Amino acid sequence: MNKAKAVQFVFDNVHTRFYQPVIFLPGIIEIEGRWHEATKNLADTLFKNIKGKTVLDLGCNTGFFVHEAIRNGAIGTTGVDYDAVAINKAKQINNILEHDAIFIQENIERYQPREIFDVTLIMAIYPPLRVGSLLKKHSGYTSEYFVLECDLDTTDLEGFDIVDRFLSPRVADQREIIFVKSSL
Ligand SMILES: C[S@@+](CC[C@H](N)C(=O)[O-])C[C@H]1O[C@@H](n2cnc3c(N)ncnc32)[C@H](O)[C@@H]1O
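Because the structure is predicted, anything quoted here is derived from the model rather than measured.

Participant: Even after reading the chapter, I still don't get helix H3 (residues 64–71), so can you show me in this structure?
Facilitator: One turn of the α-helix equals 3.6 residues, which is why residues spaced by three or four share an orientation. Within H3, 7 of the 8 residues are buried, which leaves the element mostly enclosed by the surrounding structure. When we look at burial in H3, the residues that qualify are Phe-64, Phe-65, Val-66, His-67, Glu-68, Ala-69 and Ile-70. Those residues of H3 that are buried lie in contact with helix H2 (36–46), strand E3 (55–58), strand E4 (77–81), helix H4 (84–97) and strand E6 (117–123). The positive-phi residue at the C-terminal boundary of H3 is Gly-73, with phi of around 105 degrees.

What follows is the structure, encoded as structure tokens:
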């Protein structure tokens, strides 16, 4: 991690409102995101067993979950988002952290993976997508499981193998985290 560049990034973004936390040195060089502590705790929960796995994050924003996956031992990570500003910041953060994630600016409904990932994240995509059709498409490119964060009762997951679900710590009265087994 390049400390001088991290401090410069924090300084340059002092008036930027981040959706996700930006964490350079945990507890020391950080930028607050919305639901800051809850989002950090969520990453810790999601990535307990991520060591050695490859991860795709669809709708990655500034790449917080990609970077936390790497911090927890993931190898081979990609983030996709159509927001140019968010992807640009994700790449800057990647550079400062000296991580090797790939960030792609593209609509996730059109994005076509060129490799198979162990785990695919589809979290808090707004405006909400037809998650079912995304899951079907990515079932061919996800070998282990999906992690979804969805509004309660709005996700049609009929026919999918749900292995765990719990209220999201970020917006606990509105959303849940759902683990779906891949059929690959
Ligand atoms: C509320 S944020 C959630 C970010 C991240 N997944 C998380 O859980 O912290 C939603 C993100 O999804 C992105 N997004 C929404 N629809 C998209 C689409 N069709 N293609 C690519 N990105 C999309 C937005 O640009 C934004 O960065």
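The discussion continues.
Participant: Just checking my understanding: could you explain the sheet that holds strand E7 (residues 142–151) for this structure?
Facilitator: The sheet built from 7 strands is open, its strands ordered E5-E4-E3-E6-E7-E9-E8 with mixed pairing. Each edge of the open sheet is held by one strand with a lone partner, namely strand E5 (102–105) and strand E8 (161–167). Going across the sheet, the axis of each strand differs from the next one's by a mean of 15 degrees, ignoring polarity. In terms of strand pairing, E8 meets strand E9 (residues 175–181) through 6 bridges, oriented antiparallel. Note on E9: the bridge partner recorded for Arg-165 is Ile-178.

Participant: Can you walk me through the nonpolar core in this structure?
Facilitator: In a soluble, globular protein the nonpolar side chains are often hidden away together inside. Core analysis: the largest hydrophobic core is formed by 45 residues, its most contacted members being Val-55, Phe-65, Ala-69, Leu-121, Ile-122 and Leu-148. The element contributing the most residues to this core is H4, with 6 residues.

Participant: Explanation requested: the pairing of E4 in the structure shown.
Facilitator: As a general feature of sheets, a regular strand has side chains that alternate between the two faces. Taking burial as the measure, the 5 residues of E4 include 5 buried ones, the bulk of the element. Of the strand pairs in this sheet, E3 and E4 are connected by 4 bridges, and their pairing is parallel. When the sheet's bridge partners are listed, Asp-57 is paired in E4 with Gly-79. As judged from the 4 bridges shared by E4 and E5, these two strands associate in the parallel manner. Directly across from Asp-81, in E5, lies its bridge partner Gln-105.

Participant: Looking at this structure, I do not really get the pairing of E6. What am I missing?
Facilitator: With 6 of 7 residues buried, E6 is to be regarded as a mostly interior element. The pairing of E3 with E6 spans 4 bridges and is classified as parallel. The residue of E6 that forms the bridge with Leu-56 is Thr-120. Of the pairings in the sheet, the one linking E6 to E7 comprises 6 bridges and is parallel in character. Looking at E7, one finds that Leu-121 is bridged to Val-147. Read as a crossover between parallel neighbours, the route from E6 over helix H5 (residues 131–139) to E7 is right-handed.

Participant: Sorry, what's going on with unusual backbone geometry here?
Facilitator: For residues other than glycine, phi is negative in most cases, and the peptide bonds are mostly trans. Residues other than glycine seldom take positive phi values, yet Trp-35 does so here, at roughly 50 degrees. Exposure remark for Trp-35: the 18 C-beta atoms within 10 Å place this residue in the partly exposed category. Backbone geometry places Ala-124, a non-glycine residue, at a positive phi of 50 degrees. Here Ala-124 lies in the loop between E6 and H5.

Calculation criteria
- Residues numbered from 1 in each chain as written.
- Predicted model: local features only at pLDDT ≥ 70, side-chain atom pairs only at ≥ 80, totals over all residues.
- Buried ≥ 20, exposed ≤ 12 C-beta atoms within 10 Å, placed from the backbone.
- Helix = DSSP H or I, 4+ residues; strand = E, 2+ residues; numbered from the N terminus.
- Contact = placed C-beta atoms within 7 Å.
- Pairing = 2+ DSSP bridges.
- Axes fitted to C-alpha atoms, helices over the stretch in contact; angles between N-to-C directions.
- Core = buried A, V, L, I, M, F, W, Y, C linked by C-beta atoms within 7 Å.
- Right-handed = clockwise from strand over helix to strand, strands pointing away.

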